[in-house]
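Okay, here's what each chain looks like letter by letter:
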Amino acid sequence: MERKNAWKGYKKRELKELEKVCSAYRDFLDAGKTERECVKTTIEMAEKAGYENLDGYIKAGKKLKAGDKVYAELMGKSIALFNIGTESIEKGINILGAHIDSPRLDVKQNPLYEDNGFAYLDTHYYGGIKKYQWVTIPLAIHGVVAKKDGSVVDIVIGEDEKDPVFCVTDLLIHLAADQMEKKASKVIEGENLDILFASKPLADKDKDAVKAGVLSLLLEKYGIEEEDFLSAELEIVPAGKARNAGLDSSMILAYGQDDRVCAYASLAAMLDVKKVKKTACCLLVDKEEIGSVGATGMRSKFFENTMAEVMNCMGEYSELALRRCLAASRMLSSDVSAAYDPAYASAFDKKNAAYFGKGVVFNKFTGARGKSGSNDANAEYLGAIRAILDEKGVAFQTAELGKVDVGGGGTIAYILSLYGMEVIDCGVAVLSMHAPWEVTSKADVYEAKKGYEAFLELA
Ligand code: MN
Ligand code: MN
């Protein structure tokens, strides 16, 4: 069963539209390199598209009605958007879900130290990474420092051309004979992923003079003292912008495409969709990469609480109505899939792999070792989705993440399925997933956005 390559079918107008979608996608990636930045950018885009904060409705006791567009956010790290439909909400809603956290290095709470004329920031990596990929590349710092007086300082260093960047050093090849014999998982140890932060000592200091220089700069530029690191969230990410890739510019090379490619495609579809019969929802959550834990992860009650508030504002809330709505809902749990990589062919089953350019990928099941941990979507649901995508001419493919028993990966699908709703994993194929720079196909980004829009309109 061959699936067609979407590039082959595009007319001039579609290619233009595809470039427009992908250019906006690159901007989204550049503006949102952390979950906080993604939520901020999402709110800006949503408000421009006529969305209002649900809090306003709750406080004013204003009634939500068909055609209204609202959003709710939690701690600036997770967000849910709703476009209220004409049909009774008890009959269920259509949900597009994706995550906006990505693998990175997080600065520890007591991070700053000096060693032989260098100041370092100590880190703990976040999510699954091949640690050796994070040394010697230019890195930027994004995040917030919450001070005792309640103020929060936003920090972005390393993205502007005039900014300095940071790095983690590696041992020169000339002295690396022992290191090169180590297993890849041991070549660079997690505790050694410390950021080279400064090297200029203060002239009037004898001890820890470089660290003193760092502290005086932090105070002068950001009003931060060493103790303020205690209540900071500073994320170290690859420095630089998303780029077109390939001589034909058919791909995108960027940090954080797992899962901001699905987050963006979902959001763009959500903002473009006009009047809907079933209430449409776009859910962008944090903490997927570490098990969807915490208040801002999918396993928290944020989504359920927000649904209760939405139904209450519509005058339709009761515990039973909420349960019925959730059980009758349909969801696309969108997360990236592993693209077939000819250089690593042995990790894939060629017949059931995701290919660049063949459209949005559906994973009936994920999981590992006998589908363990998999959501395993219903055949009937997948059948209904196929019909919708074919009706709207959306390119799609089905795949499994790698060969049987090679590995696997989790998503947020199983969490929403707990309500008894129909959920299927889908998303965009990525090369070098979880690497500092990941690759996607522009055709797949475009088809995903089209597919999500079709789902919101017709599911
Ligand atoms: Mn993911
Ligand atoms: Mn991931």
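Keep in mind that what you see is a predicted model, and the values were worked out from it rather than measured. (Residues numbered from 1 in each chain as written. Chains lettered and ligands numbered in written order. Predicted model: local features only at pLDDT ≥ 70, side-chain atom pairs only at ≥ 80, totals over all residues. Heavy atoms only, no water.)

## Things to note about the overall build of the protein chain
Then step 1. Check the secondary structure of the protein chain and you find twelve helices and 20 strands.
Then step 2. Here the protein chain has a C-alpha radius of gyration of 23 Å; the compact-globule value for 459 residues is 23 Å, and the two agree.
Then step 3. Principal axes of the C-alpha set define a box for the protein chain whose edges measure 75 × 55 × 45 Å.
Then step 4. When the 459 residues of the protein chain are sorted by exposure, 53% land in the buried category.
Then step 5. Accessible surface, the protein chain: about 21,400 Å² in total, of which carbon and sulfur atoms supply 52%. (Helix = DSSP H or I, 4+ residues; strand = E, 2+ residues; numbered from the N terminus. Rg over C-alpha atoms; globule rule 2.2 N^0.38 Å. Buried < 20%, exposed > 50% of the residue type's maximum accessible area, 1.4 Å probe, protein only. Areas by Shrake-Rupley, 256 points an atom, 1.4 Å probe, with all protein chains shown as cover.)

## Here we look at the coordination of the manganese ion (ligand 1)
Six octahedral donors around a metal ideally make angles of 90 or 180 degrees; four tetrahedral donors ideally make 109.5 degrees.
Then step 1. At the metal site, the manganese ion (ligand 1) is ligated by His99 (NE2), Asp258 (OD), Asp335 (OD) and Asp335 (OD), and these contacts range over 2.1 to 2.5 Å.
Then step 2. Donor residues binding the manganese ion (ligand 1) come from one chain and are separated in sequence as H-x158-D-x76-D.
Then step 3. The distance between the manganese ion (ligand 1) and the manganese ion (ligand 2) comes to 3.2 Å, and Asp258 binds to both of them. On the criterion of sequence distance, the pair formed by His99 in strand 4 (residues 94-99) and Asp258 in helix 7 (residues 257-272) is long-range, its members being 159 residues apart. The same class applies to His99 and to Asp258, which are both buried. (Donors = N, O, S within 2.8 Å, 3.2 Å for Na, K, Ca; no water.)

## Some remarks on the coordination of the manganese ion (ligand 2)
Then step 1. At 2.1 to 2.6 Å from the manganese ion (ligand 2) lie its protein donor atoms, namely Asp258 (OD), Glu289 (OE), Glu289 (OE) and His434 (NE2).
Then step 2. Along the chain, the residues donating to the manganese ion (ligand 2) fall in the pattern D-x30-E-x144-H.
Then step 3. On the accessibility criterion, Glu289 (14% relative accessible area) is buried.

## Considering helix 1 (residues 12-31)
Since there are 3.6 residues in each turn of an α-helix, residues three or four apart along the chain are aligned in direction.
Then step 1. The end-to-end C-alpha distance of helix 1, which contains 20 residues, comes to 29 Å, matching closely the 28 Å that a straight helix rising 1.5 Å per residue would cover.
Then step 2. Three or more residues of helix 1 are buried, namely Glu14, Leu18, Val21, Cys22, Tyr25, Arg26, Phe28 and Leu29. Buried residues of helix 1, seen end-on, are gathered within an arc of 155° and therefore sit on one face of the element. Residues of helix 1 that are exposed and angled more than 90 degrees away from the buried face: Lys12, Arg13, Lys16 and Lys20.
Then step 3. On its buried face, helix 1 is in contact with helix 2 (35-48), strand 11 (243-245), strand 12 (251-254), helix 7, strand 20 (438-441) and helix 12 (442-458). (Expected span 1.5 Å × (residues − 1). Arc of directions from axis to C-beta. Contact = heavy atoms within 4.5 Å.)

## Concerning the sheet that holds strand 2 (residues 69-74)
Then step 1. Taken together, the nine strands give an open sheet; going across it, the order is 1-2-3-13-4-14-18-16-17, and neighbouring strands pair in mixed fashion. With partners counted over all chains shown, the strands left at the sheet margins are strand 1 (52-53) and strand 17 (396-398), one partner each.
Then step 2. Both strand 16 (residues 360-363) and strand 17 contribute to a ladder of three bridges, which runs parallel. Residue pairing for strand 17: Val360 is matched across the bridge by Phe396.
Then step 3. Running over the sheet, helix 7 touches strand 3 (78-83), strand 4, strand 13 (280-285), strand 14 (330-334) and strand 18 (422-427) and is turned about 150° from strand 4. (Pairing = 2+ DSSP bridges. Axes fitted to C-alpha atoms, helices over the stretch in contact; angles between N-to-C directions.)

## Some remarks on the packing of helix 8 (residues 302-313) against helix 9 (residues 319-328)
Then step 1. Relative orientation of the contacting elements helix 8 and helix 9 amounts to 115°, with a least axis distance of 10 Å. Of the two possible hands of crossing, helix 8 and helix 9 adopt the one that is right-handed. Contact residues: Phe303, Glu304, Met307, Ala308 and Met311 in helix 8; Ala321, Leu322, Arg323, Cys325 and Leu326 in helix 9.
Then step 2. Class assignment of the residues belonging to the contact of helix 8 with helix 9 gives a composition of eight nonpolar, no polar and two charged. (Left-handed = near helix turned anticlockwise from the far one by under 90°. Nonpolar A, V, L, I, M, F, W, Y, C, P; charged D, E, K, R; others polar.)

## Things to note about the domain arrangement of the protein chain
Then step 1. Domain annotation of the protein chain identifies domain 1 (6-102 + 255-458) and domain 2 (104-238).
Then step 2. Of note, the centres of domain 1 and domain 2, computed from C-alpha atoms alone, are 33 Å apart.
Then step 3. Domain 1 puts 18 residues into the contact, and the matching count from domain 2 is 16 residues.
Then step 4. Here domain 1 and domain 2 share an interface that buries about 1,400 Å² over both sides, 51% of which is from carbon and sulfur atoms.
Then step 5. With a closest N to O distance of 3.0 Å, Arg104 and Glu35 form a salt bridge. (Domains from an automatic or database assignment. Buried area = accessible area lost by both parts, 1.4 Å probe. Salt bridge = Lys/Arg side-chain N within 4 Å of Asp/Glu carboxyl O.)

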